[in-house]
Amino acid sequence: GVMLHSQSVESMLAGQDFPVSIEAQFLGGDGASERSTLNVCTPGTNIVIVGELIRRHCTKSSSVTYHGDMWVSAEVVVYADSVIHHLVEGDTVMTYYQAQIDGNDLPEGFPLPDGTPLGTGYISLQAESHPVEFRDIEILKIK
């Protein structure tokens, strides 16, 4: 996946499994079951969807399942701490708002309090447990 608004590696605390961030999660199909891609996972963070503060770790997108080996186009449009859109093959499959620190899901000693808006940070490419290939990566500044 892609970790957005991520904390720096240098700021991670001992024993911390993942950087505090917003993850646009890439998942492929298993050949049989339905499984969406470009879901959102929120290690140490929360988001707002349709006016509701979402505290669960992962939320599924509305994408179709992509079975087999193929290139899938994914875009993430981030407007600082206001809105984030996930697009797969040009279709918006998820939109959420107000990315923020989750004070209940942080390692002890983390310096930012609950509810702090996430408007800046690092972008990290992730391959957590399975191989993934990236190509034609572009980062564009939205004006």
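Up top is the structure these notes are about.
To keep things clear, this report deals only with the structure shown in the data block. (Residues numbered from 1 in each chain as written. Predicted model: local features only at pLDDT ≥ 70, side-chain atom pairs only at ≥ 80, totals over all residues. Heavy atoms only, no water.)

Focus: the packing of aromatic side chains
Two measures describe an aromatic ring pair: the distance that separates the ring centres and the angle between the ring planes. Definition in use: Any pair of Phe, Tyr and Trp rings, taking the six-membered ring for Trp, is counted once the centres come within 6.5 Å. Such a pair is stacked with planes under 30 degrees apart, edge-to-face with planes over 60 apart, and tilted for the rest. Secondary structure elements follow DSSP: runs of H or I of four or more residues count as helices, runs of E of two or more count as strands, with numbering from the N terminus.
Taken as a whole and judged by the stated rule, the model has 1 aromatic pair. Ring geometry for F26 and F134: centres 5.8 Å apart, planes at 45°, overall tilted. Of the two residues, F26 is situated in the loop between β2 (22–25) and β3 (39–41) and F134 in the segment after β10 (122–125); the sequence distance between them amounts to 108 residues.

Looking at the sheet that holds strand β8 (residues 83–88)
Where we set the bar: Only strands that DSSP links by at least two bridges are regarded as paired with each other. To define axes, lines are fitted to C-alpha atoms, for helices over the stretch in contact only, and angles between the resulting N-to-C directions are given on a 0 to 180 degree scale.
The strand order β5-β4-β9-β8-β7 describes an open sheet built from 5 strands, whose pairing is antiparallel. Two strands lie at the open edges of the sheet, namely β5 (52–54) and β7 (74–79), each paired on one side alone. Strand after strand, the sheet turns through a mean of 30° between neighbouring axes, direction not considered. Where strand β4 (residues 45–49) lies against β5, 3 bridges are found, and the strand directions are antiparallel. Opposite I47, over in β5, you have I54 as the bridge partner.

Topic: the pairing of strand β9 (residues 91–101)
The pairing of β4 with β9 spans 3 bridges and is antiparallel. Pairing of N46 across the sheet is with Q100, part of β9. Judged from the 6 bridges that link them, β8 and β9 form a sheet pairing that is antiparallel. Within β9, the residue paired with H85 across the bridge is T95.

In short, shape yes, function no, at least from these values alone.
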